[in-house]
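Observations on the model geometry
Below are the chains, spelled out letter by letter.
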Amino acid sequence: MGILGKARAKSPWILHFDAGACNGCDIEVIACLTPVYDVERFGMMNIGNPKHADILLVTGTCNLRNARVLKNLYAQMPEPKAVVAIGACALSGGVFHECYNVLGGVEGIIPVDVWVPGCAPKPEAIIEGAVMAVQRMQERASGKVQPSEDESEDEHA
Amino acid sequence: MNPIALGALTLVIAPILGGLLMGLDRRITARLQNRLGPPILQPFYDVGKLMGKQPVACNSFQGVAASLYLMTSVLALLMFVLGQDLLVLLFVLALGAVMLILGGFSVKSPYSQLGSQREVLQMLAYEPLLVLMVVGVYLQTGSFSANSVLALDRPLLLTMPIFLVTQTLVIGIKLHKSPFDVSASHHAHQELVRGIYTEFSGLQLALIELAHFYELVLLLGFVWFLWHTNWLVGAALALAAYFSTILMDNVTARMTWRWLVSFMWTWGIGLAVANLAAIYFMLRVPR
Ligand code: SF4
């Protein structure tokens, strides 16, 4: 890992998108920024701007309305980037799965790198997910993984 | 010292110093908020990371704007270190700021547009104070050159005490610290997202960050000028000014641009002009 790789690992900037969450997951994501969890000690910052972001945290279900927004945000993020789906809703649709307007989870709209299950997941789990996303981002930057490729998780330490 | 060697040394040392100070700022801010905070080297990681990002630009002018901003910041600092004309230095600095504003205006994003408009207002708030400080230097030395200050045998602070306060405010505005962060915020995002920086990404943003490192050193250099006879006291003054802006950032909330402009044009400029008048009428040093 060169200097660039080290810098990338040390400074992941986060974009948080609430697709259609009940707000439970969002509260947990925001809790990561509080003094108790303080993700900034890993250099992570919540910047509400896709053009500066490295990691996209998505909470909630995708529906016909927000799928376009989500795709747009993902497309605006410069490579290398990674996506973390947070909570049962973002994974599969969760309790909202049977709703008439719900398309399901985030997967299928944009490629997901890390899944964080739970309803709602704990902040510790979200931070771990973000850290795993950083590793995926590194692999992608070094050309090991293609954006939509699926592979086993034996790489991470 | 040989001017070329001095210039080269400045080019290398200034960004390191500026980056470390910014890292210290983030650490202190975190501690004030009862958090652990990022490593001191964080600003360097950020710049390194941004350099490795895929280049995305809305138009070709953005890159030009960001690089000109960096170039003018470096040039202004070099002029300062090499003892050139302070007035020309301020024009160079203003040119860089205007370039950044044009870069923000060149994209049709409402955040970037509004941020650029507010940046113009911020310039309106701090530029007169910088110029007035240089006028104060002129009143005492009869010259605009930075070298003439070094030739003085007593510190400027004794005759220009108000300028320690106004320079602190200028640093706060320049670094987009609360309560002056109307066009963009130094750390977090606000209602304009990242304001004027919203549409700059990757390498462009890295260049802008690098320019901030140089600019911070230059602004602190201006404070150091107030006590040039003993460089330790000067450095202590500069650090004190810097840490007061950090403290101010953490204990205040953002005000509106109307407040910013009216505050700086009444209290800031009023006090600075009063100080200049005092120098002119009473303390005028015989040449
Ligand atoms: S996973 Fe649970 S907490 Fe999270 S958005 Fe869905 S319903 Fe709410």
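So, a few notes on the structure that sits alongside this text. (Residues numbered from 1 in each chain as written. Chains lettered and ligands numbered in written order. Predicted model: local features only at pLDDT ≥ 70, side-chain atom pairs only at ≥ 80, totals over all residues. Heavy atoms only, no water.)

**Side note on the overall build of chain B**
Each helix and strand in chain B was counted, giving ten helices and zero strands. Counting from the amino terminus, helix and strand elements in chain B follow one another as α-α-α-α-α-α-α-α-α-α. Relative to the compact-globule value of 19 Å for 287 residues, chain B shows a C-alpha radius of gyration of 19 Å, a close match. Seen through its principal axes, chain B has C-alpha atoms that stretch 60 × 45 × 40 Å. (Helix = DSSP H or I, 4+ residues; strand = E, 2+ residues; numbered from the N terminus. Rg over C-alpha atoms; globule rule 2.2 N^0.38 Å.)

**Observations concerning the overall build of chain A**
Scanning chain A for helices and strands turns up five helices and seven strands. Secondary structure elements of chain A, listed N to C terminal, follow the sequence α-β-α-β-β-β-α-β-α-β-β-α. Whereas a compact globule of 157 residues would reach a radius of gyration of roughly 15 Å, chain A reaches 15 Å, a difference of no more than 12%. Based on the C-alpha atoms only, the size of chain A along its principal axes is roughly 50 × 35 × 30 Å. Considering chain A as a whole, with its 157 residues, one finds that 52% of them fall into the buried category. Taking the contacts inside chain A whose residues are at least 6 apart along the sequence as the reference set, 78% of them involve residues at least 24 apart. Surface exposure of chain A reaches about 7100 Å², of which carbon and sulfur atoms provide 57%. Treating the 13 positive side-chain charges of chain A as one cloud and the 19 negative ones as another, the clouds have centres 7 Å apart. (Buried < 20%, exposed > 50% of the residue type's maximum accessible area, 1.4 Å probe, protein only. Contact = heavy atoms within 4.5 Å. Areas by Shrake-Rupley, 256 points an atom, 1.4 Å probe, with all protein chains shown as cover. Lys, Arg positive; Asp, Glu negative; His and termini not counted. Charge placed at Lys NZ, Arg CZ, Asp CG, Glu CD.)

**Side note on the environment of A:H16**
All names here are of chain A. Along the chain, the position of H16 falls in strand β1 (residues 13-20). Other than its neighbours up to four places away in sequence, H16 contacts D26, V29, I30, N46, L57 and T59. Among the polar contacts made by the side chain of H16, one reaches the side chain of D26 at a distance of 2.8 Å. Here the side chain of H16 touches T59 through a polar contact of 3.4 Å, side chain to side chain. (Polar contact = N/O pair within 3.5 Å; in protein donor to acceptor, adjacent residues only side chain to side chain.)

**Things to note about the site of the ligand**
All names here are of chain A. Taken together, the residues surrounding the ligand are A21, C22, G24, C25, G87, A88, C89, V95, G118, C119 and A120. Listing elements by their share of the shell around the ligand, those giving two or more residues are α2 (24-31) and α4 (87-92). Residue contributions to the shell around the ligand peak at three residues, all from α4. Looking at the shell around the ligand, its residues break down into eight nonpolar, three polar and no charged. (Near = heavy atom within 4 Å. Nonpolar A, V, L, I, M, F, W, Y, C, P; charged D, E, K, R; others polar.)

**Description of the interface of chain B and chain A**
Contact with chain B, which involves 29 residues of that partner, is made by 27 residues of chain A. Interface of chain B and chain A: buried area, both sides summed, is about 2400 Å²; carbon and sulfur atoms make up 54% of it. For chain B, the biggest contributors to the area lost against chain A are B:Y45, B:K49 and B:K53; these three give 26% of the whole. Linking chain B with chain A are six salt bridges, by the criterion used here. For B:R35, the salt bridge identified is with A:D38, shortest N-O distance 2.9 Å. On the surface where chain B and chain A come into contact, there are 19 residue pairs in polar contact (both at pLDDT 80 or more). When residues of the side of chain B that touches chain A are assigned to their parent elements, the largest contribution, six residues, is made by helix α2 (residues 42-51) of chain B. Residue composition of the side of chain B that touches chain A, grouped by class: eleven nonpolar, eleven polar and seven charged. (Buried area = accessible area lost by both parts, 1.4 Å probe. Salt bridge = Lys/Arg side-chain N within 4 Å of Asp/Glu carboxyl O.)

**A few points about the side chain of B:R26**
Tracing the sequence through the fold places B:R26 in helix α1 (residues 3-32). At 2.8 Å, the side chain of B:R26 and the side chain of B:D46 are in polar contact. When residues no more than four places from it in sequence are discounted, the contact partners of B:R26 are A:E40, A:M45, B:P38, B:Q42, B:D46 and B:H187.

**Some words on the pattern of salt bridges**
Enumeration over the complete set of coordinates arrives at 13 salt bridges over all chains. In this structure, the salt-bridge partner of A:R136 is A:D113, at a minimum N-O distance of 3.1 Å. Placement of A:R136 in helix α5 (residues 123-141) and of A:D113 in the loop between β6 (102-104) and β7 (114-116) is noted, with a sequence separation of 23 residues between them. Its relative accessible area of 6% is what places A:R136 among the buried residues. On the basis of relative accessible area, A:D113 is assigned to the buried category, the value being 2%. A salt bridge links B:K177 to B:D249; its shortest N-O distance comes to 3.8 Å. Note that B:K177 is positioned in the loop between α7 (162-174) and α8 (203-224) and B:D249 in helix α9 (residues 231-251), a separation of 72 residues in sequence. Across the pair, B:D249 and B:K177 agree in class, each one buried. Salt bridges linked by common partners bring A:D38, A:E40, B:R26, B:R35 and B:D46 together as one network.

Spatial relationships are all this shows, so hold off on functional conclusions.
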